[in-house]
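# Tertiary structure, described
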2 protein chains.
Amino acid sequence: MRLYSYWRSSAAYRVRIALALKGIPYECVPVHLVRDGGQQHSPEYKRLNPGGRVPTLEVGGQALYQSMAILEWLEETHPLVPLLPADPIGRARVRGIAQLIVSDIQPLQNISVTNYLRDEAHWASEQTAAWLRHWIGRGMAAVEQALDDPATGSFCHGDSPTLADLCLVPQCYASRRFGVDVAAYPRIAGIERRCLEMPEFRVAAPEAQPDAEVAAR
Amino acid sequence: MRLYSYWRSSAAYRVRIALALKGIPYECVPVHLVRDGGQQHSPEYKRLNPGGRVPTLEVGGQALYQSMAILEWLEETHPLVPLLPADPIGRARVRGIAQLIVSDIQPLQNISVTNYLRDEAHWASEQTAAWLRHWIGRGMAAVEQALDDPATGSFCHGDSPTLADLCLVPQCYASRRFGVDVAAYPRIAGIERRCLEMPEFRVAAPEAQPDAEVAAR
C-alpha cells in the first residue's frame, strides 16, 4: 500500500493511525500542501484524487480517496485490530462522533478555506484566527457533549480505540495549532492523553513523519 | 422511527431518501433551522443531537446523529434495498464520492456558515454568493471527475442507487438554490435526472415535506 500524505493533514493522520493499529506496512508519499502552490492540485495527483486533497491510499492499482472511505475499507478488509464496535448502535455512535469532526470541524479549518479567506476575502490573520477558534470551539464542545455518555470508556467508545479516537487525536493537534485550548474539554483531553500513550498513535503523529518540518512548527 | 428533519437540509434529505428506498415508515418531526434563531440550538434538541444540527434519527430510545452515521446504521440493520455494493473497492468508491459532498461541499454551504459570514464577518450577500459558488463549483467538479470512471453506470456506481446518489441529489438541489448550474456537470445532471424519475427520491424531496414553505423558494 502507498499512502499519499502530508505530515500536518488531519485526514492523513487519521489513516496513519489506522494503518499503525492494524499493523499494515505502507510506503509514505509526501504531498506538500503549501509548496508549489499546493502539490495536491497537480493534474497527476488529481487523477488519483479528484478532490485534490490528501490522503489517497493506493492499493493494487486502485486509488482510494476521502479518509472516512479509506478507514471503512481498511476495517472491512483488515478486520483486526477492529476499529468499530460489533453492535450497530455502537457503530452509529462511533461514526457519529467521527463525523462531528470530519464534517463539522475539519472542513472549516482546512488550508483551502484559510487560503480563500486570505487571498479572496483579504482577511487579516486575526480575522481568520477568530473564524478558526469559532468553528473548532463549537465542534469540540459538541464532541465533549457527545462523550458525556455511559458508552464512553477510557476511549471515545469503550476501552479500545475506534474510528472516533482516530479522528479526535488529529483534531486535538489541529485545535492546539489554531489556538484552541484542548484542556477546556476534559473528556476529550483525557482520551487524547490515553491515545498518545500508545505507540501506534505516536508513530502516526505529524512530527514523526518523513516530511515533518519541525522548524516550521 | 422518528426523524428530526428540515425540508431544505441536504443532510436530512439524504436520510429521507434512504428511508424511502428501504421502505421504512417514520414520523417526521420538523426542526426549523431559521425560526426562533434556529430551533436546532434549543437545549432540548441538543440533548438528542450534540452538534445542534439536523437530522437526528430516534430509534428505540436512542438518538442517532450525523447523516452518514445514520445511513450506515440503516444499511447495517435494514440491508434491503442495499445502498452499498458488495465488494470492498466498490464500497470505498461509493463512500469516497459521498464524502466528497459530505465533507468538502456541504459544510461550506451550511446555514451556520452563511450566518457567520453575514453576522460576524458582515459580508454582503454577493460576497457570500461568491463563496458558495466557489466551494460548490469546486466540489461539483471533483464529483464530476470521480464519475469519469468505468464503474459509473446509470447511477454513481452501477445501475442502482447507492449512498453516493443519496448525497448527490440533495447537493444538486442545494447547488441550484445557490446559483450553480448543475447542467454544467453532465454526468451529475444525468444521474440526478434518473434518480428523480424514482418515486422514492421524489417523496423525499424538500417540496414534498410537511414543513415545506413553498412560497419561500
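Keep in mind the model is a prediction, meaning the values are calculated, not measured. Sequence order as written defines the numbering, with residues in each chain counted from 1. Chains and ligands are labelled by the order in which they are written, letters from A for the one and numbers from 1 for the other. Local features in this predicted model are restricted to residues whose pLDDT is 70 or higher, and side-chain atom pairs enter the listing and the counts only when it is 80 or higher, whereas totals over whole chains, interfaces and linings include all residues. Here the side-chain values reflect all heavy atoms present in the structure, with hydrogen atoms and water set aside.

## A look at the overall build of chain A
Secondary structure elements follow DSSP: runs of H or I no shorter than four residues count as helices, runs of E no shorter than two count as strands, and numbering proceeds from the N terminus. A tally of regular secondary structure across chain A gives ten helices and four strands. Ordered by position from N to C terminus, the α and β elements of chain A give β-α-β-α-β-β-α-α-α-α-α-α-α-α. Here the globule rule reads 2.2 Å times residues to the power 0.38, and the radius of gyration is calculated from C-alpha atoms. Relative to the compact-globule value of 17 Å for 217 residues, chain A shows a C-alpha radius of gyration of 17 Å, a close match. Taken along the three principal axes of its C-alpha coordinates, chain A extends 45 × 45 × 30 Å. Under the scheme applied here, a residue whose accessible area is under 20% of the maximum for its type counts as buried, over 50% as exposed, and between as partly exposed, the area being computed with a 1.4 Å probe on protein chains only. A total of 217 residues make up chain A; the buried ones form 60% of that total. Considering only residue pairs separated by 6 or more positions, chain A has 66% of its internal contacts joining residues 24 or more positions apart. For chain A, the exposed area adds up to about 8400 Å²; of that, 53% sits on carbon and sulfur atoms. Both charge centroids of chain A, one from 22 positive and one from 24 negative side chains, sit 2 Å from each other. Contacts are residue-level and defined by heavy atoms, with any inter-residue pair within 4.5 Å sufficient. Only the protein chains shown count as cover for residues, and the accessible areas themselves come from Shrake-Rupley with a 1.4 Å probe. In this tally, Asp and Glu contribute negative charge and Lys and Arg positive charge; neither His nor the terminal groups of the chain are included. For charged residues, the charge sits on one atom: NZ in Lys, CZ in Arg, CG in Asp, CD in Glu.

## A few points about helix 3 (residues 67–77) of chain A
Counting buried positions along helix 3 of chain A gives nine out of eleven residues, so the element sits mostly inside the fold. Listed as buried for helix 3 of chain A are Ser67, Met68, Ala69, Ile70, Leu71, Glu72, Trp73, Leu74 and Glu75 of chain A.

## Considering the packing of helix 3 of chain A against helix 8 (residues 163–177) of chain A
Residues and elements named next belong to chain A. Throughout, an axis means a line fitted to C-alpha atoms (over the contacting stretch in the case of helices), and angles, computed between N-to-C directions, take values from 0 to 180 degrees. For the pair helix 3 and helix 8, the least separation of the axes is 11 Å and the interaxial angle reads 140°. Both helix 3 and helix 8 take part in a crossing whose hand is right-handed. When helix 3 is examined against helix 8, the residues Met68, Leu71 and Glu72 are found in contact with a partner set consisting of Leu163, Leu166 and Cys167. Three residue categories are used. Nonpolar comprises Ala, Val, Leu, Ile, Met, Phe, Trp, Tyr, Cys and Pro, charged comprises Asp, Glu, Lys and Arg, and polar comprises the others, including Gly. The class makeup of the residues in the contact of helix 3 with helix 8 is five nonpolar, no polar and one charged. A clockwise turn of the near helix away from the far one marks a right-handed crossing, whereas an anticlockwise turn of less than a right angle marks a left-handed crossing.

## Some remarks on the domain arrangement of chain A
When the parts of a complex come together, some accessible area is lost, and that lost area is often taken as the interface size. All names here are of chain A. Domain annotation of chain A identifies domain 1 (2–80 + 203–216) and domain 2 (88–198). Spacing between the C-alpha centres of domain 1 and domain 2 amounts to 19 Å. Residue-level contacts link 16 residues of domain 1 with 21 residues of domain 2. Accessible surface is computed with a 1.4 Å probe, and the buried area is the amount of it that two parts give up when combined, taken over both parts together. Between domain 1 and domain 2 lies a buried interface of about 1600 Å² when both sides are counted; carbon and sulfur atoms form 65% of it. Ranking the residues of domain 1 by area buried against domain 2 places Arg8, Arg14 and Met68 at the top, with a combined share of 34%. Any Lys or Arg side-chain nitrogen found within 4 Å of a carboxyl oxygen on Asp or Glu counts as a salt bridge. Here domain 1 and domain 2 share one salt bridge between them. Note: domain ranges come from an automatic or database domain assignment.

## So, the relation of the copies chain B and chain A
A least-squares fit on C-alpha atoms brings the copies together, and the residues used are those whose pLDDT is at least 70 in both copies. Aligned on chain A, chain B shows an RMSD of 0.0 Å; the corresponding rotation is 180° and the shift along the axis is 0.0 Å. Interpreted geometrically, this transformation is the action of a two-fold axis. Nearest to the rotation axis, the C-alpha of Ser103 of chain B is located 2.4 Å from it, this being the minimum over chain B. A share of 100% of interface residues in chain B that are also interface residues in chain A marks the association as one of identical surfaces.

## Some details on the interface of chain B and chain A
Contact with chain B, which involves 45 residues of that partner, is made by 46 residues of chain A. The contact between chain B and chain A buries some 4100 Å² in all, and 61% of this surface belongs to carbon and sulfur atoms. Counting across the interface, chain B meets chain A through eight salt bridges. Those elements that provide at least two residues to the side of chain B that touches chain A are helix 2 (43–48), strand 4 (62–65), helix 3 (67–77), helix 4 (88–102), helix 5 (106–109), helix 6 (111–119) and helix 7 (125–146) of chain B. Split into classes, the residues belonging to the side of chain B that touches chain A amount to 24 nonpolar, twelve polar and nine charged.

## Side note on unusual backbone geometry
All names here are of chain A. Note the cis peptide between Val54 and Pro55, where omega equals 0°. Residue placement: Pro55 occurs in the loop between helix 2 (43–48) and strand 3 (56–59). Each neighbour pair has its own omega, and for Leu80 with Val81 the value is -15°, a cis peptide bond. Considering the arrangement of structural elements, one finds Val81 in the loop between helix 3 and helix 4 (88–102). Despite not being glycine, Gln66 has its phi angle at roughly 75°, a positive value.

## What to know about the sheet that holds strand 2 (residues 27–30) of chain B
All names here are of chain B. Taken together, the four strands give an open sheet; going across it, the order is 2-1-3-4, and neighbouring strands pair in mixed fashion. Where the open sheet ends on each side, the last strands, each with one partner, are strand 2 and strand 4. Neighbour-to-neighbour, the strand axes of the sheet open up by a mean angle of 25°, direction not taken into account. Two strands qualify as a pair provided that DSSP identifies no fewer than 2 bridges between them. Of the pairings in the sheet, the one linking strand 1 (residues 2–5) to strand 2 comprises four bridges and is parallel in character. Paired with Ser5 across the strands is Pro30, a residue of strand 2.

## Some thoughts on the sheet that holds strand 3 of chain A
Sheet strands line up and pair through hydrogen bonds in the backbone, either parallel or antiparallel. Residues and elements named next belong to chain A. With mixed pairing, four strands are arranged side by side in an open sheet as 2-1-3-4. Looking at the sheet topology across the chains shown, the edges are occupied by strand 2 (27–30) and strand 4 (62–65). Along the sheet, successive strands turn relative to each other by an average axial angle of 25°, direction set aside. Where strand 1 (residues 2–5) meets strand 3, three bridges bridge the pair, whose relative direction is antiparallel. Of the residues in strand 3, the one forming a bridge with Leu3 is Leu57.

## Points about the packing of aromatic side chains
Two measures describe an aromatic ring pair: the distance that separates the ring centres and the angle between the ring planes. Any two rings among Phe, Tyr and Trp, with Trp reduced to its six-membered ring, count as a pair given centres within 6.5 Å; such a pair is stacked if its planes are under 30 degrees apart, edge-to-face if over 60, and tilted if neither. Tallied over the full model, the rule gives 16 aromatic pairs over all chains. When the ring of Trp131 of chain A is compared with that of Tyr116 of chain B, the centres are 5.3 Å apart and the planes differ by 85°; the resulting orientation is edge-to-face. Of this pair, Trp131 of chain A sits in helix 7 (residues 125–146) while Tyr116 of chain B sits in helix 6, placing the two residues on different chains. Judged by relative accessible area, which is 0%, Trp131 of chain A ranks as buried. Ring centres 5.7 Å apart and planes at 70° place the aromatic pair Trp131 of chain B and Trp135 of chain B in the edge-to-face group. With Trp131 of chain B and Trp135 of chain B both in helix 7 and four residues apart, this pair spans about one turn of that helix.

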